[in-house]
Amino acid sequence: MEEYAREPCPWRIVDDCGGAFTMGLLGGAIFQGIKGFRNAPSGISRRFIGSLEAIKQRSPVIGGNFAVWGGMFSTIDCTLVHLRKKEDPWNSIISGAATGGILAARNGLPAMAGSAAIGGALLALIEGVGILFTRLSAEQFKPVNPALEDPSQLGPPSFGQSNYQ
């Protein structure tokens, strides 16, 4: 089983930013396509044109918003890795909370606190589920004791004889 190796930190930021942009662009295209189709005037050709127009107008904006979130999250995560000198789930949880708080800064302190709490809680859930799946899947890779695997390999039981000498 080959472990996924993450990029070194300067490249990780660019990689995560681009991945988040792509995810936002594709997700935005799907949702904006449906929204544009529903809100267009009647007629199938008008609906498809409305769908394409909505995709062209809003999908890049949604992708950009995702890229900002992904870039800021990775920047904070890399900073924490550098400062703490270790890579663990706490870095992601703190990064999610800090990113949520920073992106909500324009809306005031209560919004910052709420967004930070939600960001930290979401990342804690994501990291917790990741740890759970890792532990559950680790069971299948445990070495099996050959004596317990096949009872016929043990030989016939010995009654009345002592195994101790």
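Above this note sits the structure.
Residues numbered from 1 in each chain as written. Predicted model: local features only at pLDDT ≥ 70, side-chain atom pairs only at ≥ 80, totals over all residues. Heavy atoms only, no water.

### Some remarks on the state of the cysteines
- Following the criterion strictly, the structure yields one disulfide and no others.
- The residue that forms a disulfide with Cys9 is Cys78, at a sulfur-sulfur distance of 2.4 Å. Measuring handedness by torsion sign, the sulfur bridge of Cys9 and Cys78 sits at about -100° and is left-handed. Here Cys9 is found in helix 1 (residues 9-39), whereas its partner Cys78 is found in helix 2 (residues 44-84), with 69 residues between them in sequence. (Disulfide = S-S within 2.5 Å. Helix = DSSP H or I, 4+ residues; strand = E, 2+ residues; numbered from the N terminus.)

### Regarding the packing of aromatic side chains
- Taken as a whole and judged by the stated rule, the model has two aromatic pairs.
- One cation-aromatic arrangement involves Arg47 over Phe37; the distance from NZ or CZ to the ring centre is 5.7 Å. (Phe/Tyr/Trp six-rings, centres within 6.5 Å; stacked < 30°, edge-to-face > 60°. Lys NZ or Arg CZ within 6 Å of the ring centre and 35° of its normal.)

### Observations regarding the pattern of salt bridges
- Taken as a whole and assessed by the stated rule, the structure comprises four salt bridges.
- Of the charged contacts in the structure, one is a salt bridge between Lys56 and Glu53, with a shortest N-O distance of 3.3 Å. A residue pair is termed a helical-turn pair when its members lie 3 or 4 positions apart in one helix, as Lys56 and Glu53 do in helix 2 at three residues.
- We classify Glu53 as partly exposed; its relative accessible area is 35%.
- One salt bridge in this structure joins Asp88 and Arg84, with 2.8 Å as the shortest N-O distance.
- Looking at Arg84, the relative accessible area reads 30%, which means it is partly exposed.
- Salt bridges sharing partners connect three or more residues here, namely Arg12, Asp77 and Glu87. (Salt bridge = Lys/Arg side-chain N within 4 Å of Asp/Glu carboxyl O. Buried < 20%, exposed > 50% of the residue type's maximum accessible area, 1.4 Å probe, protein only.)

### Brief notes about the packing of helix 1 against helix 2
- Where helix 1 contacts helix 2, the axes come no closer than 5 Å and their chain directions differ by 155°. Taken together, the axis directions place helix 1 and helix 2 in an arrangement best described as roughly antiparallel. Considering the relative orientation of helix 1 and helix 2, their crossing is right-handed.
- Classifying every residue of the contact of helix 1 with helix 2 gives 17 nonpolar, 14 polar and six charged. (Axes fitted to C-alpha atoms, helices over the stretch in contact; angles between N-to-C directions. Parallel < 35°, antiparallel > 145°, perpendicular 65-115°, else oblique. Left-handed = near helix turned anticlockwise from the far one by under 90°. Nonpolar A, V, L, I, M, F, W, Y, C, P; charged D, E, K, R; others polar.)

### Some details on the side chain of Arg12
- Position of Arg12 among the secondary structure elements: in helix 1.
- Not counting chain neighbours up to four residues away, the residues in contact with Arg12 comprise Arg6, Glu7, Ser74, Asp77, Cys78 and Glu87. (Contact = heavy atoms within 4.5 Å.)

### Some points on the side chain of Ser51
- You can see Ser51 is positioned in helix 2.
- Overall, the relative accessible area of 11% leaves Ser51 in the buried class.

### Some remarks on helix 1
- For helix 1, spanning 31 residues, the distance from its first C-alpha to its last is 43 Å, which sits close to the expected 45 Å at 1.5 Å a residue.
- Among the residues making up helix 1, those that are buried are Arg12, Ala20, Gly24, Gly28, Gln32, Gly33 and Gly36.
- Next to the buried residues of helix 1 lie helix 2. (Expected span 1.5 Å × (residues − 1).)

### Side note on the environment of Arg47
- By the secondary structure assignment, Arg47 is in helix 2.
- Separated by 10 residues in sequence, Arg47 and Phe37 have C-alpha atoms that sit 4.8 Å apart.
- Arg47 has contacts with Gly36, Phe37, Arg38, Ala40, Pro41 and Ser42, leaving out every residue within four places of it along the chain.

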